[in-house]
Amino acid sequence: MQTKAYAAQSAAAPLGPHTINRREPGPKDVAIEILFCGVCHSDLHTVRSEWPGTQYPCVPGHEIVGKVTGVGSEVSRFQPGDLVGVGCMVDSCRTCSACQEGLEQYCDGPVGFTGTYNGPVGGGENTLGGYSAAITVDEHFVLKITHTENDLAGAAPLLCAGITTWSPLRHWGAGPGKKVGIVGIGGLGHMGVKLAHALGAHVVAFTTSPGKVADIKALSADEVVISTRPEEMRKHAGGFDMILDTVAAPHDLDAYTALLKREGTLALVGAPPTPHPSPAVYNLVFKRRAIAGSLIGGIPETQEMLDFCAKHGITSDIEMISMQDIENAYARMLRSDVKYRFVIDMGSLK
Ligand code: NAP
Ligand code: ZN
Ligand code: ZN
């Protein structure tokens, strides 16, 4: 199927109109008309080749919501008209222990999971993502969306920003009686604040942007700290069970490990293109603290998070843009000037 999309032709080229070919649904496939797609900082890292391995043309986008337009003969869970989501993955080996446990993002198969964009497919092609009018995806990687139609655009960022914060919050036990820090209040961070609060934790947001403080309290943070003010940081020394760091640029981690309780964890999800300065060992060894990482989340936990959000009325705070505004949105994202996620109205592609 000839499908309209937006692509970068090289690391230096701005995104522009491009036509791609989507496969006709095979027996297990779901064909989806894309209604909205969130704009993740990973899209920008990828199209500009900040991470290694970008293949061009590159069509980014992995926060997809849309409507089912057709299903293959063996699809049992979806029918035309259903509202659905697609996140960061469209395939994995399905047989390794990680896949069997529903942790497809950690697939141990020969090529790991297949990303929704810039992932390998047979014959040397790459997968093409959600900055497009339609996509065809195996039903295993399609999520049910139970938010109301009015909340669809705000649900799109849950497919990456939501699950990438939900998975570590759950893994490290964010909940009642726990003090949880969220560092960097952009797309991921603002979802981290909402989700940690909804899970019952005491939530402290760390921001470099004094202009965001009132907003961040409104997002449901119990406290907001300006991380560039050492006296504000010191007040929280030794207080945290876990801190989730979503920052997209290299920065000093010691400022955060010092805030952890004994055996607390600093979980990194931000993926800067160049390394953080090496963290000090003494902050870790004296209190058996840990620095850890976490990658998106598996398909079952993504569905669990979507259902939790629908039940609790949780969506992302978004600014809607047209596809044609994408370069301006990237420029603003680089200035930390987004409240708190850009979402593309795919109607603008028609
Ligand atoms: P984003 O919307 O740009 O938010 C990042 C936030 O970090 C900014 O809003 C800003 O918040 C803070 N920040 C930016 N530059 C900073 C700097 N130099 N020093 C300190 N703070 C800074 O990005 P996002 O979409 O949330 O993505 C964040 C990162 O997570 C990206 O690297 C992305 O690739 C990665 N990511 C990882 C996964 C995973 O599975 N691990 C999944 C998705 C995305 P304040 O204004 O509040 O300081
Ligand atoms: Zn993402
Ligand atoms: Zn696998």
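## Quick notes on the pattern of salt bridges
Evaluated as defined, the whole model comprises 18 salt bridges. Two residues, Glu-263 and Arg-288, come together in a salt bridge whose shortest N-O distance is 2.7 Å. Pair noted here: Glu-263 is in strand β16 (residues 260-268) and Arg-288 is in the loop between α9 (282-285) and β17 (290-293), with a separation of 25 residues, a long-range link. A residue is classified by how much of its surface remains accessible, and Glu-263, at 38% relative accessible area, is partly exposed. Measuring nitrogen to oxygen at the nearest pair gives 3.0 Å for the salt bridge that ties Arg-332 to Asp-337.

## With respect to the sheet that holds β17
Pairing is parallel in the open sheet, where six strands are placed in the order β14-β13-β12-β15-β16-β17. The sheet is open, and its two borders are formed by β14 (223-226) and β17, each paired with just one other strand. Each adjacent strand pair in this sheet contributes to an overall mean axis angle of 20°, direction not counted. Here β16 pairs with β17 via four bridges, running parallel. Opposite Thr-265, over in β17, you have Ala-290 as the bridge partner. Against the sheet, helix α4 (residues 161-171) engages β12 (179-183) and β15 (240-245), with an angle of about 160° to β15.

## With respect to the side chain of Ser-227
Among the structural elements, Ser-227 can be located in the loop between β14 and α7 (230-234). With residues near it in sequence (within four places) discarded, Ser-227 still touches Phe-206, Thr-207, Thr-208, Met-233 and Tyr-256.

## Some words on the side chain of Glu-301
Here Glu-301 shows up in helix α10 (residues 299-312). Buried within the structure, Glu-301 lacks any salt-bridge partner; its nearest side chain of opposite charge belongs to Arg-170, at an N-O separation of 6.6 Å. Here the side chain of Glu-301 touches Gly-298 through a polar contact of 2.8 Å, landing on its backbone nitrogen. Residues within four places of Glu-301 in sequence aside, it is in contact with Leu-103, Gln-105, Ile-163, Trp-166 and Ser-167.

## What about α10?
The terminal C-alpha atoms of α10, which comprises 14 residues, lie 20 Å apart, in line with the 20 Å expected from a rise of 1.5 Å per residue. Along α10, the positions that sit buried rather than exposed are Ile-299, Glu-301, Thr-302, Gln-303, Met-305, Leu-306, Phe-308 and Cys-309. Those residues of α10 hidden inside the fold are in contact with β6 (89-91), β11 (143-144), α4 and α5 (187-198). Taken from the residues just after α10, Gly-313 is the one with a positive phi, measuring 65°.

## Description of the nonpolar core
Ranked by internal contacts, the top residues of the largest apolar core, which has 88 residues, are Val-39, Tyr-131, Leu-169, Ile-326 and Tyr-330. Formed jointly, this core draws a minimum of three residues from each of two domains, domain 1 (2-160 + 299-349) and domain 2 (162-293). Beyond its immediate stretch of four places on either side in the chain, Tyr-330 contacts Leu-15, Val-39, Asp-43, Leu-44, Val-47, Arg-48, Pro-60 and Tyr-131. Of all hydrophobic cores here, the second largest spans 13 residues; its members include Val-225, Met-233, Phe-240 and Leu-266.

Criteria and cut-off values
Residues numbered from 1 in each chain as written. Chains lettered and ligands numbered in written order. Predicted model: local features only at pLDDT ≥ 70, side-chain atom pairs only at ≥ 80, totals over all residues. Heavy atoms only, no water. Salt bridge = Lys/Arg side-chain N within 4 Å of Asp/Glu carboxyl O. Helix = DSSP H or I, 4+ residues; strand = E, 2+ residues; numbered from the N terminus. Buried < 20%, exposed > 50% of the residue type's maximum accessible area, 1.4 Å probe, protein only. Pairing = 2+ DSSP bridges. Axes fitted to C-alpha atoms, helices over the stretch in contact; angles between N-to-C directions. Contact = heavy atoms within 4.5 Å. Lys, Arg positive; Asp, Glu negative; His and termini not counted. Polar contact = N/O pair within 3.5 Å; in protein donor to acceptor, adjacent residues only side chain to side chain. Expected span 1.5 Å × (residues − 1). Core = buried A, V, L, I, M, F, W, Y, C linked by side-chain atoms within 4.5 Å. Domains from an automatic or database assignment.

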